[in-house]
Amino acid sequence: TDQAAGMGVGQVLLVLSAACAVMPAKDPLLNICMDAKHHKTKPGPEGMLHDQCAPWKDNACCTANTSSEAHKDQSNLYNFNWNHCGLMPPKCKRHFIQDTCLYECSPNLGPWIDQADSSWRRERILHVPLCKEDCEEWWEDCKDYVTCKENWHKGWNWATGTNRCPWGSMCRPFSHVFPRPKDLCEKIWSNSYKYTTEHRGSGRCIQMWFDPAQGNPNVVVAKYYAWKKRSSPAWMENVTPETDKAACILPWPVLVLLPLALVVLPEGAGGCGSHGWGSL
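Criteria and cut-off values
Residues numbered from 1 in each chain as written. Predicted model: local features only at pLDDT ≥ 70, side-chain atom pairs only at ≥ 80, totals over all residues. Heavy atoms only, no water. Helix = DSSP H or I, 4+ residues; strand = E, 2+ residues; numbered from the N terminus. Buried < 20%, exposed > 50% of the residue type's maximum accessible area, 1.4 Å probe, protein only. Contact = heavy atoms within 4.5 Å. Areas by Shrake-Rupley, 256 points an atom, 1.4 Å probe, with all protein chains shown as cover. Disulfide = S-S within 2.5 Å. Phe/Tyr/Trp six-rings, centres within 6.5 Å; stacked < 30°, edge-to-face > 60°. Lys NZ or Arg CZ within 6 Å of the ring centre and 35° of its normal. Axes fitted to C-alpha atoms, helices over the stretch in contact; angles between N-to-C directions. Left-handed = near helix turned anticlockwise from the far one by under 90°. Nonpolar A, V, L, I, M, F, W, Y, C, P; charged D, E, K, R; others polar. pLDDT = per-residue confidence, 0-100. Expected span 1.5 Å × (residues − 1). Arc of directions from axis to C-beta. Core = buried A, V, L, I, M, F, W, Y, C linked by side-chain atoms within 4.5 Å.

**Section: the overall build of the protein**
Point 1. For the protein, the count of helices and strands is 10 helices and six strands.
Point 2. Counting every position in the protein, which comprises 280 residues, the buried fraction comes to 42%.
Point 3. Taking the intrachain contacts of the protein between residues at least 6 apart in sequence as the baseline, contacts between residues at least 24 apart amount to 66%.
Point 4. Per element, the accessible surface of the protein, about 15200 Å² overall, is 57% carbon and sulfur.

Okay, structure coming up:
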């Protein structure tokens, strides 16, 4: 009967609409690990991350061994020697260890991952907005230490297998090499960080370290900047349909009923819609 047919169509429409509910595609900027020397391919829990890397243990891009190496004066991670101009004070070194833990362990740096042109990594971070307090405390605790270089990424003398000051360079106080906190945070690692006036807890800046009991504050920061990035014209031009469109997957019963629905549906009724980005 017409009534039965109508009910059948209604059921088909219900099934179709349920099947076509937007399933947000995985955001390619969130909860990811960069393609670099020691990073895992994807983040996950780590039972025993060492000391200052411990806040990331619930969801980390680093292994326990990497976290342990990050705390050594002569780490096997990059053969980098913190004490190239004399012994780095513990209060200063603490910040460099936290910096290393953030870089190696954090799954919340996706919005700032950039291509790298070095032999030992394919990706790096660029312009991560560091919280004002993190940058200024780093500078304050290191300002009396001495160094011979402004950019610690390149230009060292590696003749002995570890970094030594290049010939002709002088060891000078941090406060001379980096007159302001901004200089330290932005220059020391080739603009990996960007100095901001945003405060911890604002949801607008990355904390180099955090109290794990309070949760990871960088998760919401990454979501905000991921949203900003994919709202930008440059992102929209480069985005691929696979990452931009939500998946609309039809289970087999719907595929069986679909021809019937197409026959009995009024002309102009919509099918499966393709939506843009889902909610964060």
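**Topic: the environment of Asp211**
Point 1. For Asp211, the location among the structural elements is in the loop between strand S6 (193-195) and helix H7 (218-230).
Point 2. Given a relative accessible area of 38%, Asp211 falls into the partly exposed group.
Point 3. When the C-alpha positions of Asp211 and Ala54 are compared, they lie 9.5 Å apart, and in sequence the two are 157 residues distant.

**With respect to the state of the cysteines**
What we call a disulfide is simply a covalent bond connecting the sulfur atoms of a pair of cysteines.
Point 1. Counted under the stated rule, the structure contains eight disulfides.
Point 2. Between the sulfur atoms of Cys53 and its disulfide partner Cys101 the distance amounts to 1.9 Å. Sign of the S-S torsion, about -80° for the bond between Cys53 and Cys101, identifies this disulfide as left-handed. One end of the pair, Cys53, is in the loop between helix H1 (2-19) and helix H2 (64-69); the other, Cys101, is in helix H3 (residues 90-105), with 48 residues separating them in the sequence. An identical accessibility class is assigned to Cys53 and Cys101; each is buried.
Point 3. A sulfur-sulfur distance of 1.9 Å marks the disulfide that ties Cys135 to Cys185. Across the disulfide from Cys135 to Cys185, rotation about the S-S bond amounts to roughly 125°, and the bridge is consequently right-handed. Of the two residues, Cys135 sits in helix H4 (residues 132-142) while Cys185 sits in helix H6 (residues 181-187), which places them 50 residues apart along the sequence. In this structure, Cys135 and Cys185 share a single accessibility class: buried.

**Overview of the packing of aromatic side chains**
Point 1. All told, the structure shown has 19 aromatic pairs when counted by the stated rule.
Point 2. Here Trp112 and Tyr225 contribute two aromatic rings whose centre-to-centre distance is 5.3 Å and whose plane-to-plane angle is 55°, an arrangement assigned as tilted. Taken together, the residues Trp112 in the loop between H3 and strand S1 (113-115) and Tyr225 in helix H7 connect sequence positions 113 residues apart.
Point 3. Relative accessible area serves as the criterion here: at 17%, Tyr225 is assigned to the buried category.
Point 4. Within the aromatic cluster, the residues linked to one another by ring pairs are Phe80, Trp82, Phe96, Trp138, Tyr145, Trp152, Trp156, Phe174, Phe178, Trp189 and Tyr193.
Point 5. Sitting over the face of the ring of Trp156, Lys149 holds its NZ or CZ atom 5.6 Å from the ring centroid.

**Details of the packing of H3 against H4**
Point 1. Packing of H3 against H4 brings their axes to within 7 Å, and their N-to-C directions diverge by 140°. Crossing handedness for the pair H3 and H4: left-handed. On H4, the residues touching Lys91, Cys92, Arg94, His95, Phe96 and Asp99 of H3 are Glu137, Trp138, Asp141 and Cys142.
Point 2. Classifying every residue of the contact of H3 with H4 gives four nonpolar, one polar and five charged.

**Digging into the confidence of the model for the protein**
Point 1. Averaged over all residues, the pLDDT of the protein is 75; the fraction at 70 or higher stands at 69%.
Point 2. Ignoring residues within four places in sequence, the model shows residues 239-258, a span with pLDDT below 50, making 34 contacts including any to other chains.
Point 3. A low-confidence stretch, residues 260-280 stays under pLDDT 50, and its non-local contacts, those more than four residues away or across chains, total 30 contacts.

**A word on H7**
Point 1. Taking 1.5 Å of rise per residue, the 13 residues of H7 would be expected to cover 18 Å, and the 18 Å separating its terminal C-alpha atoms lies within 8% of that figure.
Point 2. Within the sequence span of H7, burial applies to Asn218, Val221, Ala222, Tyr225, Ala226 and Arg230. Along the axis of H7, the buried residues cluster in a sector spanning 150°; they form a single face.

**Considering unusual backbone geometry**
Point 1. Here the phi dihedral of Asn31 falls at roughly 55°; this positive angle occurs in a residue that is not glycine.
Point 2. For Asn31, the position within the fold is in the loop between H1 and H2.
Point 3. What makes Asn31 partly exposed here is its relative accessible area of 37%.
Point 4. A positive phi angle is found at Ser190, which is not glycine, with a value near 55°.
Point 5. With respect to the helices, strands and loops of the structure, Ser190 is situated in the loop between H6 and S6.

**A short note on the nonpolar core**
Point 1. Residues Phe96, Trp138, Trp152, Phe174, Ile188, Trp189 and Tyr193 are the most contacted members of the largest nonpolar core, which totals 48 residues.
Point 2. Where this core is concerned, the elements lending two or more residues are H3, strand S3 (128-130), H4, helix H5 (174-177), H6, S6 and H7.
Point 3. The element best represented in this core is H3, accounting for seven residues.
Point 4. Those residues in contact with Phe174, other than ones at most four positions away along the chain, are Phe96, Cys142, Lys143, Tyr145, Val146, Thr147, Trp152, Leu184 and Ile188.

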